[in-house]
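Structural features, examined
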Amino acid sequence: MSPVVTAFERHTLANGVRVLTASMPQAQSVTCALMFAAGSRYETPETNGIAHFTEHMFFKGTERRPSARQLAGEIDAIGGEFNAFTGKEYTGYYVKCAAEHRPVALDVLVDMIRHSRFEPEEIEREKGVIVEEMNMYFDTPRDYIGGVYDELLYDDQPLGWDIIGRKETVRAASRDTFRQYVDRWYKPERLVVGLGGRVDGDLLAELEALLGDLDGRAPGRPAPVRLTENGSRVKVHTKASDQAHICLGVRSYPLEHPDRYVLQLLATVLGGGMSSRLFSEVRERRGLAYYVFGVNHSYTDAGSLYSQAGVDINRIDEAVTTIAAELRRAADEPIPADELEKARSFAKGRFVLQLESPQGLIMYGLRREALEGRTTEPEDVLAALDAVTAEDVQRVAADVIEANALKLAVIGPFDDADRFEKLLAA
């Protein structure tokens, strides 16, 4: 009997820091990453934006590497790629480099998150950078429409706030704001260290030396999301433009729901790829949009299945009713066998492509580990997708689409939400 080959190995340091490795011996590089189960959802109304702002400030210098140039220079000197990202439920920092330079990459990453200086002058300078990033985000409807949709779904609570924050909270941030956020949430139990690619030598001893004395606990968790249906089904952000951007969808399931893979295939049938139902009907047949897709996005305790599109402002009513009809059709009619198989192959193929690189593989594992406390092996994901039946898809479509009111976010030259409310009621 052949031994079971797993993609990931998991270890835990004495202080609770988890270590996830994805060995790819054929690789010449390694991706080193630190992921914290903390993001913009962990903020208060007064600190909205601090998770993302903190990510920026970690690159501004430490006690041993006092400037941004020195910090970046060490990674440049090994030809590495250096970056970070902030989500609502996690934040990640990574260096991708030749495997022989792993000690430098890990040392720089740990130095950043443990010894950043948060110099007041640097904070004030970076406020201008963040505000300009906000301006770019707000001026890019294709990006900003997701924030409008989240606000519609989750209202005035952390999942409904923009990750980037608000100008007034960013401008009010001080050194104490950063220190309080980091000291509360950047604790061992929330940290997962990930390495993907060529992983040689005694990694655990290396990490014990870097992180073994990190201590403390992160008390509590963010408040659970409140899901209410007592508001408008439509949110319009009025903006002069030649194209309207819309998100139209329904509430769905949390991240670890038993039907997560059924929901994934339903989203793929609707809007995955250029032969999906939404692309074929909205773009190819009717010419209503340049881009249109369907996706399911889940958090640990909430989710939404939705379509996003950039549409002709003069034909937005038709676009909304067409997308709504496709969502309802999925709930009303069984998915043909050949269409389900195509969606299954598409989902499996995209998943496999995601895992081809050391970076893609370890980031997949880290997200699972940080948010779910475990990492599902790729083979198990593929098997779960294989197990989905057409009956499963229609059952979940009925449960999600028929049981939940359609919700619509719009960015464009409109100021009348009622006209769209009437379309959804039709």
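Whatever comes next refers back to the structure up there.
Presented here is an overview of the structure given in this document. (Residues numbered from 1 in each chain as written. Predicted model: local features only at pLDDT ≥ 70, side-chain atom pairs only at ≥ 80, totals over all residues. Heavy atoms only, no water.)

A short note on the packing of helix H9 (residues 260-271) against helix H15 (residues 390-402)
- Contact geometry for H9 and H15: axes closest at 9 Å, N-to-C directions at 85°. The orientation of H9 relative to H15 falls into the category roughly perpendicular. Touching Val262, Leu263 and Leu266 of H9 are Asp392, Val393, Val396, Ala397, Val400 and Ile401, all from H15.
- For the contact of H9 with H15, the per-class residue count stands at eight nonpolar, no polar and one charged. (Axes fitted to C-alpha atoms, helices over the stretch in contact; angles between N-to-C directions. Helix = DSSP H or I, 4+ residues; strand = E, 2+ residues; numbered from the N terminus. Parallel < 35°, antiparallel > 145°, perpendicular 65-115°, else oblique. Contact = heavy atoms within 4.5 Å. Nonpolar A, V, L, I, M, F, W, Y, C, P; charged D, E, K, R; others polar.)

A few points about the pattern of salt bridges
- Counted under the stated rule, the structure contains 36 salt bridges.
- Between Arg65 and Asp111 there is a salt bridge; the shortest N-O distance is 2.7 Å. Here Arg65 is found in the loop between helix H1 (50-57) and helix H2 (68-76), whereas its partner Asp111 is found in helix H3 (residues 102-115), with 46 residues between them in sequence.
- The exposure class of Arg65 is buried, given its relative accessible area of 5%.
- With relative accessibility at 2%, the residue Asp111 sits in the buried group.
- Each of Arg64, Arg65, Glu74, Asp107 and Asp111 takes part in one network of salt bridges that share partners. (Salt bridge = Lys/Arg side-chain N within 4 Å of Asp/Glu carboxyl O. Buried < 20%, exposed > 50% of the residue type's maximum accessible area, 1.4 Å probe, protein only.)

A few points about the pairing of strand E10 (residues 303-312)
- Burial runs high along E10: nine of the ten residues are buried.
- Note that strand E8 (residues 243-251) and E10 share nine bridges and pair antiparallel. By the bridge assignment, Val250 is partnered in E10 with Leu305.
- Where strand E9 (residues 289-298) meets E10, nine bridges bridge the pair, whose relative direction is antiparallel. Each residue of the ladder has a partner; that of Gly294, found in E10, is Ser307.
- Between E9 and E10, which pair antiparallel one after the other, the connecting turn spans four residues. (Pairing = 2+ DSSP bridges.)

Some words on the packing of aromatic side chains
- Applying the stated criterion across every chain yields a total of 20 aromatic pairs.
- Each ring, one from Phe85 and one from Tyr94, has its centre 6.4 Å from the other, and the planes form 40°; the classification is tilted.
- The exposure class of Tyr94 is buried, given its relative accessible area of 11%.
- Ring-pair connections join several aromatic residues into one group, and the members of that group are Phe36, Phe53, Phe58, Tyr93, Phe118, Phe178, Tyr181 and Tyr186.
- Sitting above the plane of the Tyr291 ring, Arg142 keeps its charged end 3.8 Å from the centroid. (Phe/Tyr/Trp six-rings, centres within 6.5 Å; stacked < 30°, edge-to-face > 60°. Lys NZ or Arg CZ within 6 Å of the ring centre and 35° of its normal.)

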